[in-house]
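Breakdown of the fold
Spelled out, the chains give:
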Amino acid sequence: MNNLLLKVEGLKAGYDGLEVLRGVDLGLSRGEKVVVMGPSGSGKSTLLKCIVRLVEPWSGRIFLDGEEVTGREVDLRKVRAKTGFVFQQYNLFPHMTVIKNLSLPLEVVKRMPRSEAERRAMNMLKAFGLEEFADKYPLQLSGGQQQRVAIARALVMDPVLLLLDEPTSALDPELRREVLDTLFEVARQGRSMLIVTHELDFAEAAADRLVLMDDGLVVEEGDPWELLHTPKSDRARRFLVKIARSAQSVA
Amino acid sequence: MESLFFVLGIVPGLVNGLWVTLQISTVSFALGIVLAAILAPLRIFAPEPIPLIVRGYVEAFRGTPLLVQLLLIYFGLPSLGVKLDAYSACILALGLNSAAYQAEIFRGAMKSIPETQFLAAESLGFSQGQTYRYVVLPQALRVAAPALANELITLVKESSLASVIGVVELTRRGEYLVAYTFRALEVYVAVALIYLVVCTLASQAVKQLESMFKIPGYEKVVA
Ligand SMILES: Nc1ncnc2c1ncn2[C@@H]1O[C@H](COP(=O)(O)OP(=O)(O)O)[C@@H](O)[C@H]1O
Ligand SMILES: [Mg+2]
């Protein structure tokens, strides 16, 4: 292993006979922020889930932080505890208060005493200006607030890598801004991020690299600004048009 | 008028039987809920053939009369060397029977928990057991609460079958009174009214509890 934090080699995966990922190769260095774009159905979510084995890879190898995630005797709970996952639909636990959503994983997974877990959870909420919601329940918050709590929950575990799957796509346009601001803030803190998003702002301003996926393969990657503004290949150009369309149909 | 005084006169005696009725129904409900909380996840998550066995259990207890189950446990088990007093046999029969119904209630409730909740818990590093305990079970319990409450009320009524094997609960008390007063109509009306009052109060109490345990904001999503 060189200094790559994440390395994906020849990854194939799918669902009952349907091959979705057809041999994905991807690397991510420590501290790097990589944006993945691709039309709907191209396998972006499947890729993120495979990295923490929420979906079982069919073949290929995945290395994370010096450990083979696809290895035989890997401790999956440890792998998942050191990655943060943010879903499109926030996925907070609706029956727990906001602060409990953050402190419970610390207690259960990191075996932290409750008082310490709650202290850290509160600090994390404060860092994102969410402390006023500490004792509220997730479904009492707006979608944007819920997603910011979900990001805080992922970060309170202090993950080596943050995986985000279209964190703004489920939100109304006016709520996207606050989540995007939070994402920029996380990016500034230097956390390693692999983020699927069609937010061009974020890709241009915060990402170190842009990866374009289509039909289960990485078809292009490089500097975000160059790829988006001066696409060299015809393929990249056609592709960006395709993404623009699919992003519109989502919104 | 005289009948009314007669009925009022026998109520204290019947209430003694009511305590036994309530004991039997709550203890067997508790036994049922514990078993169901184990059986339901086994049926959903365990590898075959465990789900098949659980299903067999559920079908067996739901597909045969409770009275027959009670007689089997009280009179049948001694042939296998398991001899239970009437009270224990009754709790066991009602508890095992209720477990079958409650397991189905739980299974339905667990299936209503979205896949994304499992993904969220697992992505944080929760084990399957922790996911069940902290994420699935508490939500499933809330979803299942109304049906579970109905099950408890059903148990209060079904516990009257215990009278058949000689447990002196409410119904059996009534039978005794009939035996020495010969006034079956008044006595059984009184017995029925006591069941009615208890079950009505219980369902009111349950509604209160439900609103206490409601997840804030949930109704928005469900509606
Ligand atoms: N749980 C699943 N079961 C079956 N098919 C799935 C499942 N999840 C995704 N798919 C299919 O896999 C393909 C890729 O999906 P996904 O990885 O979600 O793509 P993207 O995130 O790029 O939109 C799609 O055709 C989708 O229908
Ligand atoms: Mg997706």
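Described below are features of the structure shown in this document. Residue numbers run consecutively from 1 along every chain, following the written order of its sequence. Written order decides the labels, with chains lettered from A and ligands numbered from 1. At least 70 in pLDDT is required for a residue's local features to be given in this predicted model, at least 80 for side-chain atom pairs to be given and counted, and no such filter applies to totals for whole chains, interfaces and linings, which use all residues. Think of the side-chain values as coming from all heavy atoms in the structure, minus any hydrogens and water.

So, on to the site of ligand 1. Residues and elements named next belong to chain A. Near is defined per residue: the residue qualifies when any heavy atom it owns lies within 4 Å of the molecule or strand. With respect to spatial proximity, the complete set of residues near ligand 1 consists of Y15, V20, P39, S40, G41, S42, G43, K44, S45 and T46. The definition of a polar contact used here is a pair of N or O atoms within 3.5 Å, where within protein one atom must be able to donate a hydrogen and the other to accept one, and adjacent residues in sequence count solely through side-chain atom pairs. One of the side-chain N or O atoms of T46 is found 2.4 Å from an oxygen atom in ligand 1. The secondary structure listing takes helices from DSSP runs of H or I that are at least 4 residues long and strands from runs of E that are at least 2 residues long, numbered from the N terminus. Here the shell around ligand 1 gets three residues from one element, more than from any other, and that element is helix α1 (residues 44–51). The nonpolar class holds Ala, Val, Leu, Ile, Met, Phe, Trp, Tyr, Cys and Pro. Asp, Glu, Lys and Arg form the charged class, and all remaining residues, Gly among them, are polar. Partitioning the shell around ligand 1 into residue classes produces three nonpolar, six polar and one charged.

Residues and elements named next belong to chain A. Any two strands with at least two DSSP-identified bridges between them are counted as paired. If you walk across this open sheet you meet the six strands as β6-β7-β8-β3-β9-β10, and the pairing is mixed. Across the chains shown, the open sheet's two edge strands, defined by having one partner strand only, are β6 (83–86) and β10 (217–222). Averaged over all neighbouring strand pairs, the angle between strand axes comes to 15°, with direction disregarded. Here strand β3 (residues 33–37) pairs with strand β8 (residues 193–196) via four bridges, running parallel. From the neighbouring strand, V35 faces β8, where its bridge partner is I195. To obtain an axis, a line is fitted to C-alpha atoms, over the contacting stretch when the element is a helix, and the angle between two such axes runs from 0 to 180 degrees between their N-to-C directions.

Grouped together as the largest cluster of nonpolar side chains are 95 residues, with contacts concentrated most on L6, L21, L183, L194 and F202 of chain A. Among the elements that make up this core, the one with the highest residue count is helix α5 (residues 143–156) of chain A (seven residues). Domain borders in the structure are assigned automatically or taken from a domain database. Split by domain, this core shows at least three residues from each of two domains, domain 1 (1–75 + 161–251) and domain 2 (93–158) of chain A. Any two residues whose heavy atoms approach within 4.5 Å are treated as being in contact. Setting aside residues up to four positions removed in sequence, L21 of chain A forms contacts with L11, K12, A13, G43, T46, L47, C50, M213 and G216 of chain A. If you look at the next biggest cluster of nonpolar residues, it comprises 38 residues, including V20, I24, L96 and A144 of chain B. Residues grouped as a nonpolar core are buried Ala, Val, Leu, Ile, Met, Phe, Trp, Tyr and Cys residues, joined through side-chain atoms within 4.5 Å. The buried label applies to any residue whose accessible area, calculated with a 1.4 Å probe on protein chains only, is under 20% of its type's maximum; exposed applies above 50%, and partly exposed to all values in between.

Across the chain, the bulk of peptide bonds are trans and the bulk of non-glycine residues have phi less than zero. Residue P49 of chain B follows E48 of chain B across a cis peptide bond; omega there is 10°. Here P49 of chain B lies in the loop between α1 (2–45) and α2 (50–62). Positive phi, close to 55°, is recorded for R111 of chain A, a residue that is not glycine. Tracing the chain through its elements places R111 of chain A in the loop between α3 (98–108) and α4 (114–127).

Residue and element names in this part refer to chain B. The end-to-end C-alpha distance of helix α4 (residues 86–111) is 37 Å, a good match for the 38 Å that 26 residues give at a rise of 1.5 Å each. When you tally the buried positions in α4, you get 19 out of 26 residues, the bulk of the element. Sitting at the head of α4, D85 places a side-chain oxygen 3.1 Å from the backbone nitrogen of Y87. Multiply 1.5 Å by the residue count of a helix minus one, and that product is the helix's expected span.

Our next topic: the packing of α1 of chain B against helix α6 (residues 128–158) of chain B. All names here are of chain B. Orientation of α1 relative to α6, taken along the N-to-C sense of each, is 145°, at an axis distance of 11 Å. For the element pair α1 and α6, the recorded crossing hand is right-handed. For the pair formed by α1 and α6, the contact residues are T21, S25, S28, F29, I33, A37 and P41 on the first element and Y132, L148, E151, L152, L155 and V156 on the second. Here the contact of α1 with α6 is built from residues that sort into nine nonpolar, three polar and one charged. Whether a crossing is left-handed or right-handed is set by the direction in which the near helix is turned from the far one by less than a right angle, anticlockwise for left-handed and clockwise for right-handed.

Here we come to the pattern of salt bridges. Residue and element names in this part refer to chain A. Salt bridges are counted wherever a side-chain nitrogen of Lys or Arg sits within 4 Å of a carboxyl oxygen of Asp or Glu. This structure, assessed with the given rule, holds 23 salt bridges over all chains. The salt bridge partner of R53 is E56, with a shortest N-O separation of 2.9 Å. You can call E56 partly exposed: its relative accessible area is 42%. A salt bridge links E68 to R61; its shortest N-O distance comes to 2.9 Å. We classify E68 as partly exposed; its relative accessible area is 22%. Linked by salt bridges that have partners in common, R30, D65, E67 and K82 make up one network.

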